[in-house]
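Residues per chain, in single letters:
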Amino acid sequence: MQNQLTNAYESMGISQEVFMLCQQIEETLQDRFAEIDKITECNQLKVLSAFQKHQVGEAHLLGTTGYGYNDLGRETLEKVYAEIFGTEAALVRAQITCGTHALALALSANLRPGDELISPVGKPYDTMEEIIGIRPSVGSLAEYGVTYKQVELLEDGTFDYEGIKNAISDKTKMMTIQRSKGYLTRPTFSVKQIGELIAFIKDINPNIICMVDNCYGEFVELSEPSNVGADMVVGSLIKNPGGGLAPIGGYICGTKECVENAYYRLTAPGLGAEVGATLGINKEFFQGLFNAPQVVAGALKGAIFAANLYEHLGFDCTPNATESRHDIIQAVTFHDPDKVIAFCEGIQYAAPIDSHVTPTPWPMPGYNCDVIMAAGAFISGASIELSADAPMHEPYTVYFQGGLSYHHAKFGIMKSLAQLEKKGLITIKERNS
Ligand SMILES: *Cc1c(COP(=O)(O)O)cnc(C)c1O
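Bear in mind that the values here come from a model prediction, so they are computed numbers and not experimental data.

Draft legend 1. Layout of the packing of helix H10 (residues 282–312) against helix H12 (residues 406–422). The interhelical angle for the contact between H10 and H12, taken along N-to-C directions, is 30°, at an axis separation of 7 Å. Accordingly, the angle class assigned to the pair H10 and H12 is roughly parallel. As H10 runs across H12, the sense of the crossing is right-handed. Residues Gly 298, Lys 301, Gly 302, Phe 305, Ala 306, Leu 309 and Tyr 310 of H10 touch H12, and the partners they reach there are Tyr 406, Ala 409, Lys 410, Ile 413, Met 414, Ser 416, Leu 417 and Leu 420. Of the residues contributing to the contact of H10 with H12, the split by class is 10 nonpolar, 3 polar and 2 charged.

Here you go:
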């Protein structure tokens, strides 16, 4: 068996040396993988139970056209999402074009001129800068008279409770709390930490709406931020909850009031959730959600494998090889643009789609510097599929995520190392040397 595996990898461009090292690393991870399997088992049952409780039936897999009135599949899917996230309501739509759009929607629907928005967790995700108007942008919240404040994290990556308390004013209407690190090297917050932060904020003023950017966090833990007090959780269906099958879409789960505001903003005042044809997409949304806990588990194992491999090779990894996980992103810091490019090439060459193309840095819309992206995905840009991206500036950190299965994620990482080796950018060290 071992021989066949070595041969299979060799035929895919993985040297004996890379293969051996990766097998050694993997062997050390069995306990951690078993832990993930337990969480996955619970989350799989949580999802299944929501499907059964809301009696998802064959008719729900069909779609509507035109206005999309009485789309039973859409309505049931939203009930299932609300059930899973433990919220009063949910908006899950193909008309939400991406995660950024879902976040813009949640914010603009619930803020009014004169209101103030605070990020108590430091700088938000790059594309949020234009939504908020941190970088001047047409249609930003700033243009509509919504002001913004940001409270930096403390040196050790924890919340500056004193600073948050001082920042809150009578105008403070909403908090935007980003769970995942995004393109930063700060730690990702656990659901428990987010719960503590929300409790602190609600203690000062219970009317402040706490929104959590839940991108990349879904199904990583047993609970979600909406189980610990968040008024809204927001995310993308081409990340975790779409399970690799949803071809588009975003979700907002939350209180009835917040979600209602969002659907009037998404469609039109007076129309709200009643319109929005699904055009036959319901089956992918349901099936992707059903698969999501398993897909997230594979991605998570891949991320842990990557951290252990690259830390062994001497690079800083966030999270590091041993710490607990709260999202599927793995950051590896190279301090070297050539290594970043080689890593991304390896990921690309490992893809099922477009494995023959070579990624290069380019000025991507929404980002303030060149970005290199490796993705050979069935769904364009889906980062629940094996993908890596890096903003091309110091400290030259690559953010790796996804993989529809653990074995594919593992192969991608092996291929990234093979590419670094091939370009003479790295020498492989045996684990016990
Ligand atoms: C991906 C992501 C977004 C934006 O989602 P897109 O679908 O890329 O627009 C926002 N916040 C975080 C933390 C993300 O990871």
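Draft legend 2. Representation of the side chain of Gln 23 within the structure. Looking at the secondary structure, you find Gln 23 in helix H2 (residues 16–27). What Gln 23 contacts, discounting residues up to four positions off in sequence, is Gln 2, Leu 5 and Lys 410.

Draft legend 3. Structural context of the site of the ligand. Around the ligand sit Cys 98, Gly 99, Thr 100, Leu 103, Tyr 125, Gln 178, Asp 213, Cys 215, Tyr 216, Ser 236 and Lys 239, and those are all the residues in its vicinity. One of the backbone N or O atoms of Gly 99 is found 2.7 Å from an oxygen atom in the ligand. Its free accessible area being 380 Å², the ligand has 90% of it covered by the protein chains. When atoms are counted within 2 Å of each cavity's grid points, the one that captures over half of the ligand is the largest pocket. Ranked by the residues each element gives to the shell around the ligand, the list is headed by helix H5 (residues 99–110), at 3 residues. Here the residues of the shell around the ligand sort into 5 nonpolar, 4 polar and 2 charged.

Draft legend 4. Molecular detail of the pattern of salt bridges. Following the criterion strictly, the structure yields 18 salt bridges and no others. Close ionic contact of Arg 135 with Glu 129 constitutes a salt bridge, the shortest N to O distance being 2.8 Å. For Glu 129, a relative accessible area of 8% puts it in the buried group. Asp 336 is the salt-bridge partner of Lys 339, the closest N and O atoms lying 3.1 Å from each other. Overall, the relative accessible area of 16% leaves Lys 339 in the buried class. Salt bridges sharing partners connect three or more residues here, namely Lys 123, Asp 126, Glu 129, Glu 130 and Arg 135.

Draft legend 5. Focus on the sheet that holds strand E12 (residues 397–401). Read across the sheet, 5 strands follow the order E8-E9-E12-E11-E10 without closing on themselves; strand pairing throughout is antiparallel. Among the strands making up the open sheet, the edge pair consists of strand E8 (316–318) and strand E10 (371–375). Across the sheet, the mean angle separating the axes of adjacent strands is 20° when strand polarity is ignored. Relative to strand E11 (residues 387–391), E10 runs antiparallel, the two sharing 5 bridges. Across the sheet, residue Val 371 finds its bridge partner in E11, namely Pro 391. Relative to strand E9 (residues 330–333), H10 is tilted by about 15°, and along the sheet it contacts E8, E9 and E12. Against the sheet, helix H11 (residues 337–349) contacts E10, E11 and E12, and its axis sits at roughly 25° relative to E10.

Draft legend 6. Main features of the environment of Glu 143. Take Glu 143: it is sitting in the loop between helix H6 (126–132) and strand E3 (147–150). It is 7.5 Å that separates the C-alpha atoms of Glu 143 and Gly 133, two residues lying 10 residues apart in sequence. Setting aside chain neighbours within four positions, we find Glu 143 in contact with Ser 137 and Val 138. From its side chain, Glu 143 meets the backbone nitrogen of Gly 139 in a polar contact 2.9 Å long.

Draft legend 7. Layout of unusual backbone geometry. Here the amide bond leading from Thr 318 into Pro 319 is cis, since omega sits at -10°, within 30 degrees of zero. Among the secondary structure elements, Pro 319 is positioned in the loop between E8 and E9. Note the cis peptide between Glu 394 and Pro 395, where omega equals 10°. Within the secondary structure, Pro 395 is located in the loop between E11 and E12. The phi dihedral of Asn 70 falls on the positive side, at around 50°, and the residue is not glycine. Relative to the elements of secondary structure, Asn 70 occurs in the loop between helix H3 (30–53) and helix H4 (72–85). Phi at Asp 354 takes a positive value of approximately 60°, unusual for a residue other than glycine. As for its placement among the helices and strands, Asp 354 is situated in the loop between H11 and E10.

How each quantity is defined
- Residues numbered from 1 in each chain as written.
- Predicted model: local features only at pLDDT ≥ 70, side-chain atom pairs only at ≥ 80, totals over all residues.
- Heavy atoms only, no water.
- Axes fitted to C-alpha atoms, helices over the stretch in contact; angles between N-to-C directions.
- Helix = DSSP H or I, 4+ residues; strand = E, 2+ residues; numbered from the N terminus.
- Parallel < 35°, antiparallel > 145°, perpendicular 65-115°, else oblique.
- Left-handed = near helix turned anticlockwise from the far one by under 90°.
- Contact = heavy atoms within 4.5 Å.
- Nonpolar A, V, L, I, M, F, W, Y, C, P; charged D, E, K, R; others polar.
- Near = heavy atom within 4 Å.
- Polar contact = N/O pair within 3.5 Å; in protein donor to acceptor, adjacent residues only side chain to side chain.
- Areas by Shrake-Rupley, 256 points an atom, 1.4 Å probe, with all protein chains shown as cover.
- 1 Å grid on protein atoms, 1.4 Å probe; cavity = no way out; pocket = protein on both sides within 12 Å on 5 of 7 lines; lining within 4 Å.
- Sits in = over half its atoms within 2 Å of the grid points.
- Salt bridge = Lys/Arg side-chain N within 4 Å of Asp/Glu carboxyl O.
- Buried < 20%, exposed > 50% of the residue type's maximum accessible area, 1.4 Å probe, protein only.
- Pairing = 2+ DSSP bridges.

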